Amino acid sequence: MSRPVVTAQPAETVALAAQRMREHKVGSVVVTDHDDRAIGILTERDMIRLAAAGSDASSAKVSEWMTADPDTIGPDMEARAAFASLAERGYRHIPVVDDGGGSAAARKLVGIVSMRDLMRVAMIQPADAQAHEMPKGLEGVVVADTTVGDVRGLEGFYHYRQYNAVDLAKSRPIEDVWQLMFEGRLPTTLAEREAFAAKIRPRRAIPPAVLEVLPAIASAGDVFVPLDALRTAVSQYGAALGFRPSHDIDGETLGDNAMSTCAVVPTLICALWRLRRGLEPVAPRDDLSYAANYLYMMQGAVPTPEHAAAVEKYLISTVDHGFNASTFTARVITSTGADLGAAVVGAIGALSGPLHGGAPSRALQMLDEIGTPERAEPWLRAAVERGDRLMGFGHRVYKTDDPRSLMLREVADSLGGDKMELARHIEATAVKVLDELKPGRRLYTNVEFYAGIVMDRCGIPRELFTPTFAASRVIGWCAHILEQAADNRLIRPSAQYVGPPPPEPVPPISV
Ligand SMILES: CC(C)(COP(=O)(O)OP(=O)(O)OC[C@H]1O[C@@H](n2cnc3c(N)ncnc32)[C@H](O)[C@@H]1OP(=O)(O)O)[C@@H](O)C(=O)NCCC(=O)NCCS
């Protein structure tokens with residue numbers, strides 16, 4: 001357990017308690033009375049509730065937002081039992097009190113145990129003793145500390161560092177967000193913004209050694225799978241630029257690799273797609289905004305400001321999203337000390353799966369198949385009854401509206417178009433059908449549903465939907481790669497063996 005405990009008084013303001021949490025880098029404070037007894041706990045989750053309710057932390061009292069009479073454990077409880085207690089109740093922190101000889105009145109606060117403390121202990125336990133505690137798909141398991149950002153699934157909120165991601169998408173260009181992700185701060189002056197953008201521009205051009213092999217990469221296979229091509233091109237890019245293992249280079253060099261890779265990915269996507277269609281790649285233009293340049297390199301024509309702004313919002317909203325599968329993949333690969341190219345290539349592979357990044361074109365396909373509002377209910381009902389997954393619905397973390405989908409719905413509305421009315425009808429019907437046929441699962445639209453509609457309206461071909469997702473997510477991957485490398489430990493979990501008991505004698509082969 002951790003000692004001394006960071007505490008707060010019930011009459012203090014939430015703002016003061018929050019400041020103390022930040023100073024001590026903890027996710028909760030235990031609220032104590034004058035006799036040092038734990039009478040409540042105030043966590044980061046409570047802060048979010050408070051913000052969501054529009055309350056003012058500088059006047060709200062700790063006693064109004066804390067969980068009163070929190071569950072506690074005694075100092076003698078076994079680590080595994082404490083872990084079970086936390087996991088079962090969905091807590092991340094639990095106060096430790098001495099039992100004062102059994103009298104409730106005398107139960108003094110002596111420490112606090114966090115999931116993190118217990119995970120540390122769990123690492124030295126044999127795998128079979130604790131593996132069964134792990135939910136399938138590692139749902140809810142905290143595997144690292146990060147300052148890059150987080151997703152609050154129950155509150156329907158996500159953030160890049162300390163800022164609401166949707167607010168950033170609505171108010172800043174993507175280069176500012178990129179700087180925030182890499183350097184930890186937003187530019188505060190135009191000169192600062194320009195200085196960062198100036199680092200990006202020259203890195204957007206594809207180096208000759210990569211350009212040379214792009215036609216071969218673009219033409220491989222009977223069917224063009226852009227993410228496969230991108231994966232190969234990024235691999236080639238890392239080799240051409242001589243990326244070295246992150247283990248062997250300093251943070252500055254790794255940061256330089258990251259800047260170059262993020263800058264070139266959109267150019268690679270557009271060049272590969274154009275080459276496959278027998279068109280010449282279009283070189284980037286420095287006078288266009290980030291998204292305008294992306295659409296220009298893809299379509300060969302400067303887009304309307306509305307389309308460029310819509311795509312830029314989409315790109316910003318998908319830069320990062322907690323420990324999703326591709327981000328985790330990038331961090332695992334980086335933890336081995338491998339080079340940044342390897343980590344990005346692995347992340348692209350993870351993103352290519354339909355359960356992660358491959359859904360927006362499938363969501364649009366569903367819209368096409370349904371075709372008219374009257375067909376929505378029977379079509380959706382039949383699909384869910386067959387056991388199919390409705391693409392663009394459901395999320396591992398969000399159990400309420402996905403804030404990205406809400407923002408993209410607004411963007412799609414402003415762009416108009418014939419698909420919007422049908423999309424809104426399908427969304428409402430699907431949520432109703434899912435609620436009826438999958439009760440309690442809390443399935444709503446995710447980012448992919450309206451992303452497809454926005455991209456379609458802006459002239460992005462369906463096969464480039466997921467690559468466009470990769471064009472922005474690479475910034476998030478790289479922010480995580482830099483963070484992982486800066487404080488690295490090999491990620492090497494365990495599995496619970498559930499096959500036939502070993503060791504069995506190896507049988508001879510029959511002739
Ligand atoms: C995103 C996703 C993979 C998250 O999955 P998860 O957290 O592993 O959820 P589970 O697979 O445990 O699903 C829980 C239940 O909800 C159901 N469910 C989840 N998403 C569903 C969907 N889109 N359509 C129908 N049912 C769905 C599952 O069938 C399961 O039902 P069950 O309890 O009867 O078996 C899942 O919601 C999905 O496949 N969505 C469609 C693909 C998609 O849009 N991907 C983009 C994600 S941003």
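The structure under discussion appears in the preceding block.
Keep in mind it's a predicted model, so treat the numbers as computed, not measured. (Residues numbered from 1 in each chain as written. Predicted model: local features only at pLDDT ≥ 70, side-chain atom pairs only at ≥ 80, totals over all residues. Heavy atoms only, no water.)

## A few points about helix 16 (residues 325-335)
Applied cut-off: Under the scheme applied here, a residue whose accessible area is under 20% of the maximum for its type counts as buried, over 50% as exposed, and between as partly exposed, the area being computed with a 1.4 Å probe on protein chains only. Going along the chain from the N terminus, every DSSP run of H or I of four or more residues is numbered as a helix, and every run of E of two or more is numbered as a strand. Every residue pair with non-hydrogen atoms within 4.5 Å of one another is taken to be in contact.
Those residues of helix 16 lying buried are Ser326, Thr327, Ala330, Arg331, Thr334 and Ser335. Against the buried residues of helix 16 lie helix 17 (340-351) and helix 23 (465-486). Backbone geometry just downstream of helix 16 places glycine 337 in the positive-phi region, at approximately 85°.

## Description of the site of the ligand
Keep this limit in mind: One heavy atom within 4 Å of a molecule or strand makes the whole residue count as near it. Any pair of nitrogen or oxygen atoms within 3.5 Å is treated as a polar contact; in protein, a donor-acceptor pairing is required on top of that, and neighbouring residues in sequence qualify only through side-chain atoms on both sides. Amino acids are sorted into nonpolar (Ala, Val, Leu, Ile, Met, Phe, Trp, Tyr, Cys and Pro), charged (Asp, Glu, Lys and Arg) and polar (every other residue, Gly among them).
The immediate surroundings of the ligand are formed by 19 residues, with Arg389, Leu390, Phe393, Arg396 and Arg441 found nearest. At 2.7 Å, a side-chain N or O of arginine 389 approaches an oxygen atom of the ligand. One of the backbone nitrogen or oxygen atoms of glycine 392 is found 2.8 Å away from an oxygen atom of the ligand. Its residues assigned to classes, the shell around the ligand comprises eight nonpolar, five polar and six charged.

## Considering helix 1 (residues 14-24)
Under the convention used in this document: Picture the helix axis, draw a direction to every C-beta atom, and the arc is the one those directions span.
Buried within helix 1 we find Val14, Ala17, Ala18 and Met21. One face of helix 1 carries all of its buried residues, which in axial projection span an arc of 100°. One or two residues past the end of helix 1 sits lysine 25, with phi positive at roughly 55°.

## Focus: a nonpolar patch on the surface
To keep things clear, this is the line we draw: Two distance rules govern patches: like charges are joined within 9 Å, and nonpolar side chains (Val, Leu, Ile, Met, Phe, Trp, Tyr) within 5 Å, applied only to residues with over 30% relative accessible area and no salt bridge. Areas reported here follow the Shrake-Rupley algorithm with a probe of radius 1.4 Å; residue values treat only the protein chains shown as occluding. The term salt bridge refers to a side-chain nitrogen of Lys or Arg lying within 4 Å of a carboxyl oxygen of Asp or Glu.
On the surface, Leu138, Val143 and Phe323 cluster together to form a nonpolar patch covering roughly 230 Å² of accessible area. Take leucine 138: it is sitting in the loop between helix 6 (127-130) and strand 7 (149-152). A relative accessible area of 40% means that leucine 138 is categorised as partly exposed.

## Examining the packing of helix 16 against helix 23
Counted only if it meets this: The axes are straight lines fitted to the C-alpha atoms, using for helices just the contacting stretch, and the angles between their N-to-C directions are given from 0 to 180°. For a crossing to be left-handed, the near helix must be turned anticlockwise from the far one by less than a right angle; the clockwise case is right-handed.
Close contact between helix 16 and helix 23 brings their axes to 9 Å; oriented N to C, the two are set at 35°. In terms of crossing hand, the pair formed by helix 16 and helix 23 is right-handed. Packed against helix 16, whose contacting residues are Ser326, Thr327, Ala330, Arg331, Thr334 and Ser335, the element helix 23 presents Arg473, Trp477, His480, Ile481, Glu483, Gln484 and Ala485 at the interface. Here the contact of helix 16 with helix 23 is built from residues that sort into four nonpolar, six polar and three charged.

## Section: the pattern of salt bridges
Considering all chains together, one arrives at 25 salt bridges under this definition. The residue arginine 172 makes a salt bridge to aspartate 176 at a minimum N-O spacing of 2.8 Å. Taking the relative accessible area as the measure of exposure, arginine 172 reaches 26% and is therefore partly exposed. With relative accessibility at 0%, the residue aspartate 176 sits in the buried group. The residue glutamate 194 makes a salt bridge to arginine 201 at a minimum N-O spacing of 3.0 Å.

## Considerations on the nonpolar core
Where a protein is soluble and globular, its nonpolar side chains tend to be buried together. Under the convention used in this document: Residues belong to one nonpolar core when they are buried, are Ala, Val, Leu, Ile, Met, Phe, Trp, Tyr or Cys, and are joined through side-chain atoms within 4.5 Å.
Within the largest apolar cluster, 110 residues are counted, with the highest numbers of intra-cluster contacts made by Tyr160, Trp178 and Phe182. Those residues in contact with phenylalanine 182 that sit more than four places away from it in its chain are Gly255, Ala258, Met259, Cys262, Ile475, Cys478, Ala479 and Leu482. Formed by 15 residues, the second largest nonpolar core is a distinct cluster that contains Val6, Val14, Ala17 and Met66.

## Considerations on the environment of glutamate 312
Position of glutamate 312 among the secondary structure elements: in helix 15 (residues 305-317). Here glutamate 312 falls in the buried class, since its relative accessible area comes to 9%. In the structure, glutamate 312 is positioned 192 residues away from glutamate 504 in sequence and 59 Å away in space, judged by C-alpha atoms. In this structure glutamate 312 touches Pro173, Ile174, Glu175, Ser289, Tyr290 and Ala291, once residues within four positions along its chain are discounted. Separated by 2.9 Å, the side chain of glutamate 312 and the backbone nitrogen of alanine 291 make a polar contact.

## Regarding the sheet that holds strand 8 (residues 157-160)
Put simply, the rule reads: In this description, strands pair whenever DSSP reports at least two bridges between them.
Reading across from one edge, 7-8-9 is the order of the three strands in this open sheet, with antiparallel pairing throughout. At either end of the open sheet lies a strand with only one pairing partner, and these are strand 7 and strand 9 (163-164). Looking at chain direction, strand 7 and strand 8 are connected through four bridges and run antiparallel. Looking at strand 8, one finds that aspartate 150 is bridged to histidine 159.

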